[in-house]
Amino acid sequence: MLTRLLARYEIDRLQALRSAPARESYLAAHLLVRRAAAAATGLDEQSLVLGQRCDECGGDHGRPFFHGQPSLHVSLTHCTDAVGAVVGVTPCAIDLEGWDAVAFDPSLSERVFSRDECHALAALDSKAAQPGTPSPRQMLALRLWVRKECLIKLGRLSLDGMAACDLSAAGVDALPADRLVRSACGDLQFTEWVDSRTRTVGAIASFTSTAVHFLG
């Protein structure tokens with residue numbers, strides 16, 4: 001069974017998920033991060049034991065890591081239609097969101113986006129160019145959201161501080177579909193993409209250049 005590679009806490013969380021799609025994406029992401037780590041290190045996937053540790057309380061719900069691999073940094077993400085993972089020798093984080101995951105709500109935007117980000121969002125069209133696709137405003141909201149989620153995973157941002165964090169310098173122009181776009185903001189490098197096949201937006205934040213491979 002595929003679950004034989006999972007730690008006990010992973011199995012407990014997998015079984016607690018109510019829907020089959022949620023269980024499938026959780027399992028896929030947790031297997032993928034092992035495959036990525038094995039490819040990066042040459043280690044056998046079966047020898048990689050994933051853990052999570054909260055920096056505040058020490059509980060098993062914080063930043064992921066591999067036991068016995070203190071120099072390896074890992075991050076994983078999953079949504080309904082896609083999963084992702086990143087590993088590196090320096091801190092790194094990845095986030096994915098479905099096109100319909102983050103709705104642009106003007107009443108909430110000031111709690112999530114900076115003043116410059118709000119101005120950039122307000123300047124964009126709120127209507128989609130084609131049925132079933134996000135509007136330019138919605139797409140930028142998603143891009144900014146996944147960037148900030150990456151910073152939260154890196155421990156450099158909290159939910160309460162999202163609006164004080166301005167990432168507009170990393171770019172607010174439209175992203176071409178199905179292509180990687182790289183940018184920088186301060187000491188961080190962002191790799192972003194829009195995947196039209198899975199209808200997702202993704203980002204990786206790292207301190208060094210990141211190689212990206214799409215599977216499936």
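That block above? That's the structure.
How each quantity is defined
- Residues numbered from 1 in each chain as written.
- Predicted model: local features only at pLDDT ≥ 70, side-chain atom pairs only at ≥ 80, totals over all residues.
- Heavy atoms only, no water.
- Axes fitted to C-alpha atoms, helices over the stretch in contact; angles between N-to-C directions.
- Helix = DSSP H or I, 4+ residues; strand = E, 2+ residues; numbered from the N terminus.
- Parallel < 35°, antiparallel > 145°, perpendicular 65-115°, else oblique.
- Left-handed = near helix turned anticlockwise from the far one by under 90°.
- Contact = heavy atoms within 4.5 Å.
- Nonpolar A, V, L, I, M, F, W, Y, C, P; charged D, E, K, R; others polar.
- Salt bridge = Lys/Arg side-chain N within 4 Å of Asp/Glu carboxyl O.
- Pairing = 2+ DSSP bridges.
- Polar contact = N/O pair within 3.5 Å; in protein donor to acceptor, adjacent residues only side chain to side chain.
- Core = buried A, V, L, I, M, F, W, Y, C linked by side-chain atoms within 4.5 Å.
- Buried < 20%, exposed > 50% of the residue type's maximum accessible area, 1.4 Å probe, protein only.

Trainee: It is not clear to me how the packing of helix H1 (residues 8-16) against helix H2 (residues 20-41) should be interpreted in this structure. Could you clarify?
Mentor: Two quantities define a packed helix pair, namely the angle between the axes and the distance from one axis to the other. One way to put it is that H1 packs onto H2 with a least axis distance of 8 Å and a crossing angle of 155 degrees. Judged on the interaxial angle alone, H2 and H1 are roughly antiparallel. As H1 runs across H2, the sense of the crossing is right-handed. Along its contact with H1, which presents Glu 10, Arg 13 and Leu 14, the element H2 presents Arg 23, Tyr 26, Leu 27, His 30 and Arg 34. Looking at the contact of H1 with H2, its residues break down into three nonpolar, one polar and four charged.

Trainee: Would you take a moment to explain the pattern of salt bridges for this structure?
Mentor: When the charged atoms of two side chains with opposite charge come close together, those side chains can pair. Under the defined criterion, the tally for this structure stands at seven salt bridges. One salt bridge in this structure joins Glu 10 and Arg 34, with 2.6 Å as the shortest N-O distance. Of this pair, Glu 10 sits in helix H1 while Arg 34 sits in helix H2, and the two are 24 residues apart along the sequence. Overlapping salt bridges bring together Arg 143, Arg 147 and Glu 192 as one network.

Trainee: I tried to follow the pairing of strand S3 (residues 73-78) on my own but got confused; where do I start?
Mentor: Sheet topology note: the S3/strand S4 (residues 83-88) ladder contains six bridges and is antiparallel. Paired with Thr 77 across the strands is Gly 84, a residue of S4. Remark: four residues form the turn of the hairpin made by S3 and S4, two consecutive strands paired antiparallel.

Trainee: Would you mind going over the side chain of Lys 148 with me for this structure?
Mentor: With respect to the element layout, Lys 148 can be found in helix H5 (residues 136-153). A polar side-chain atom of Lys 148 sits 2.8 Å from the main-chain carbonyl oxygen of Cys 165. Residues within four places of Lys 148 in sequence aside, it is in contact with Val 112, Phe 113, Ser 114, Glu 117, Leu 157, Met 162, Ala 163, Cys 165 and Leu 167.

Trainee: Honestly, the nonpolar core in this entry has me stumped. Any pointers?
Mentor: Counting residues in each nonpolar core, the largest one holds 30 residues, and the members touching the most others are Phe 113, Leu 151, Phe 190 and Val 201. Those elements that provide at least two residues to this core are helix H4 (115-122), H5, strand S7 (188-195) and strand S8 (200-206). Take this core: its biggest share by element is nine residues, from H5. Setting aside anything within four residues of it in sequence, one finds Phe 190 in contact with Arg 147, Leu 151, Leu 167, Ala 170, Val 181, Arg 182, Ser 183, Cys 185, Ile 204 and Ala 205. Residues Ala 7, Ala 37, Leu 50 and Val 87 belong to the second largest nonpolar core, which totals 13 residues.

Trainee: Could you clarify how one ought to interpret the sheet that holds strand S5 (residues 92-98) in this entry?
Mentor: Within a sheet, neighbouring strands are paired by backbone hydrogen bonds and run either parallel or antiparallel to one another. Spatially, four strands are ordered S5-S8-S7-S6 in an open sheet, and the strand pairing comes out antiparallel. The open sheet has two edge strands with one neighbour each: S5 and strand S6 (181-185). For this sheet the average axis-to-axis angle between neighbouring strands, irrespective of direction, equals 20 degrees. One ladder, built from five bridges, connects S6 with S7; its direction is antiparallel. In the sheet register, Ala 184 faces S7, and the bridge partner there is Gln 189.

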